[in-house]
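# Structural features, examined
As a plain string of letters, each chain reads:
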Amino acid sequence: MHEPMSAPAPAAPDGAALQPTREQMNIVIVGHVDHGKSTLVGRLLADTESIDPAKIAQIRELCDRQGKRFEYAFLLDALEAERDQGITIDAARCFFRSALRDYILIDAPGHIEFLKNMISGAARAEAAVLLIDAAEGVQENSRRHGYMLGLLGIRQVVVAVNKLDMVGYDQAVFDRIVAEYTAFLARIDLEPAAFVPVSALAGDNLIGPSQNTPWYAGPSVLAAVDAFAKAPPPDAKPLRMPVQDVYRFNREGDTRRIIAGRITAGRLAVGDAVVFQPSGKRTRIASIEGFSMPEQTTVEAGRSTGITMTEQIYVARGDVMAHVDAAPAVSNRIRANLFWLGRQPLRRGRTYKLKMATFSGLCEVEKLIEVMDASALTDAGHPDRVERHEVAEVILRLRRPMACDLSHQFTDTGRFVLVDGYDVAGGGIVRGVLDAGADDDAVRWTTEVGAINRPLREAKHGHRALLLVLHDDLDNNGRTLAAALEESLWTGGKSVYRLDLTKGDLQKAGPGQLAPRSITLGLVAGLLNAGQIVIATVPWSDDHTHDEVLRIPGLDVVPQCQVRFRSGGTDAGPVAGESLEDDRDWALDPGLEPRALHDVIKRRLERLLGG
């Protein structure tokens, strides 16, 4: 009935049509620690002959040498620490096939200390099998895992009540667990497809009916999983491509500016009209690029690709490309459900880093709407914070707008993580995109006092005001280049002022919270309003990003450019016809001579300064 995974597909007769590609589905196995997840998966692989018998023999031999009883769970637990302690630490993946489709099974850890690993595994799944130990009954983590499946948008769930052999295959025990857990899941609007009484160790009701449960007439675990509906393919959805980076290869005489990223949904073709959010800039696709690949005219979801545009517009990492008639929402405020795993509580007003797809930016908790104990679905009793392993509905305010979607529509642009310091401390899903709100706490520099304004000062200086930020590297190339530019611009009659910013100028209190301080914004904005060319160096750090350091609210009319050092960066000036009003993110090769680095930037600055 079940084909072994290792068996080769039969060859098609001459002239016969090739068999269509088999359907594939990702299934996550979750449940409380020691409720038998790994045993169930291992037994399922063995019973469907989806695992090499030599591997089973190898594990049996290892168990004999260590004086342990062989367990099917060891077929999944690759880490020595997992075999020693008898728990799953990381999410293990394996493959098997039924008569209907191919499966990727994800065995997620159940221990509360590895809840982050469980979430990572479940986030890649389309459906779930949730295990409950018949002897222990519904545990806190059973409820917590059920809530997390609902939070991640996994609606297809089979509940396997395991270890029925430990309670004598008692139907009353099974019925009691079904009633209790059904009532809990109903409170989060999650209805399981089936409850299946199983013994993973004995193989009862895994791939077929068991004589030990004559009172059960429902499907086996395999039959219930086969009944899951496959989600529509991602290429049937509207286009989404989060921008990974922008590449240019001028050193080889290549003038293309290639926007690179992975298409997470939809299809793309040469000539398509696209928009990049959150900026709203539009263009058309001139070409689809791939390394050492023949010319392509189309590309679909799941592929990493590069594109060139008919019009050169400024595009940055974190932007999302879409077709103009089905673009993602844009706002700096979202309503979200999140699960907190941080060592310190999540609190209103604190700043965190939000990461979604390729986007990364600072956000603040504007409002805690509801804080709940995920294992009991009761009010946590402290509306001012979210403690570890609690869930909450919140409103987040970002420092700058981002493009996003509702989580049930798009996964990659609808789920996010929050970073506290240097740790991933929480994850969530977008439930609503709110109207963009003004940041009342942010310092803004939109008003100039007096009749002598910035344009008059620029006219007197004979050039525009401009901000140039140089990201230093470990060899201090940024500071060296800044000093050379300051001297040559001053010698050439320009009004220029150089700042050497430190981490203290850019950090708020707390590790990893890298926003410019108000006093830093005020200093830079004052110099710009005075018509100066401001050259600022920022220290080397993996945490500094373009937008966190560069943006000055209310001074968008002033060119704000940045220079970063990257091996293989451009070593030439702008290409013919390129607008530097749009391209202000410049990557230089640190291997170039200092004079060459200086000349590249100065040529670009002269076009922006005018006068």
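Residues numbered from 1 in each chain as written. Predicted model: local features only at pLDDT ≥ 70, side-chain atom pairs only at ≥ 80, totals over all residues. Heavy atoms only, no water.

## Points about the nonpolar core
- Ranked by internal contacts, the top residues of the largest apolar core, which has 34 residues, are Leu 149, Val 157 and Tyr 181.
- Contributing elements (two or more residues each) for this core: strand 1 (24–31), strand 4 (127–133), helix 5 (140–151), strand 5 (157–162) and helix 6 (171–186).
- Val 41, Ala 194, Tyr 216 and Phe 228 belong to the second largest nonpolar core, which has 29 residues in total. (Core = buried A, V, L, I, M, F, W, Y, C linked by side-chain atoms within 4.5 Å. Buried < 20%, exposed > 50% of the residue type's maximum accessible area, 1.4 Å probe, protein only. Helix = DSSP H or I, 4+ residues; strand = E, 2+ residues; numbered from the N terminus.)

## Details of the environment of Asp 245
- Turning to its location among the elements, Asp 245 is positioned in strand 7 (residues 241–248).
- For the pair Asp 245 and Gly 306, spaced 61 residues apart in the sequence, the C-alpha separation amounts to 9.5 Å.
- Apart from the residues lying within four places of it in its own chain, the contact partners of Asp 245 are Ile 258, Ile 259, Ala 260 and Arg 566. (Contact = heavy atoms within 4.5 Å.)

## A look at the pattern of salt bridges
- Under the counting rule described, the total for this entry stands at 22 salt bridges.
- Glu 366 is paired through a salt bridge with Arg 397; the nearest N and O atoms lie 2.8 Å apart. One end of the pair, Glu 366, is in strand 18 (residues 359–373); the other, Arg 397, is in strand 21 (residues 390–404), with 31 residues separating them in the sequence.
- For Arg 479, the salt bridge goes to Asp 500, with nearest N and O atoms at 3.6 Å. In this pair, Arg 479 sits in helix 9 (residues 477–491) while Asp 500 sits in strand 25 (residues 496–500), placing the two residues 21 residues apart along the sequence.
- Given the relative accessible area of 41%, Arg 479 is considered partly exposed. (Salt bridge = Lys/Arg side-chain N within 4 Å of Asp/Glu carboxyl O.)

## Some points on the packing of helix 9 against helix 13 (residues 594–609)
- Their axes nearest at 10 Å, the elements helix 9 and helix 13 cross at an angle of 50°. It follows from the interaxial angle that helix 9 and helix 13 lie oblique. The element helix 9 and its partner helix 13 pack so that their crossing is right-handed. Residues Leu 481, Ala 484, Leu 485, Ser 488 and Leu 489 of helix 9 lie in contact with helix 13, whose contacting residues are Leu 597, His 598, Ile 601, Lys 602, Leu 605 and Leu 609.
- The class makeup of the residues in the contact of helix 9 with helix 13 is eight nonpolar, two polar and one charged. (Axes fitted to C-alpha atoms, helices over the stretch in contact; angles between N-to-C directions. Parallel < 35°, antiparallel > 145°, perpendicular 65-115°, else oblique. Left-handed = near helix turned anticlockwise from the far one by under 90°. Nonpolar A, V, L, I, M, F, W, Y, C, P; charged D, E, K, R; others polar.)

## Some points on the sheet that holds strand 11 (residues 281–289)
- Within the closed barrel, the six strands sit side by side as 7-8-13-11-10-14. Their pairing is antiparallel. Pairs of neighbouring strands in the sheet enclose a mean axial angle of 50°, with direction left out of account.
- Pairing analysis gives four bridges linking strand 11 to strand 13 (residues 304–309), with the strands arranged antiparallel. Paired with Glu 289 across the two strands is Gly 306, which belongs to strand 13. (Pairing = 2+ DSSP bridges.)

## Here's the deal with the packing of aromatic side chains
- One pass over the structure, following the stated rule, counts four aromatic pairs.
- For the pair Phe 174 and Tyr 216, a centre-to-centre distance of 6.3 Å together with 75° between the ring planes defines the contact as edge-to-face. You can see Phe 174 sitting in helix 6 and its partner Tyr 216 sitting in the loop between strand 6 (194–197) and helix 7 (221–226), a full 42 residues away along the chain. Tyr 216 matches Phe 174 in its accessibility class, with the two residues each being buried. (Phe/Tyr/Trp six-rings, centres within 6.5 Å; stacked < 30°, edge-to-face > 60°.)

## Details of the pairing of strand 18
- The element strand 18 is extensively covered by neighbouring structure, given that eleven of its 15 residues are classed as buried.
- Pairing between strand 17 (residues 351–356) and strand 18: six bridges, direction antiparallel. Bridged to Thr 351 within strand 18 is Glu 364.
- Between strand 17 and strand 18, which follow one another and run antiparallel, lie two residues, and Ala 357 among them has a positive phi close to 55°.

Without other data, these values stay purely geometric and don't point to any function.
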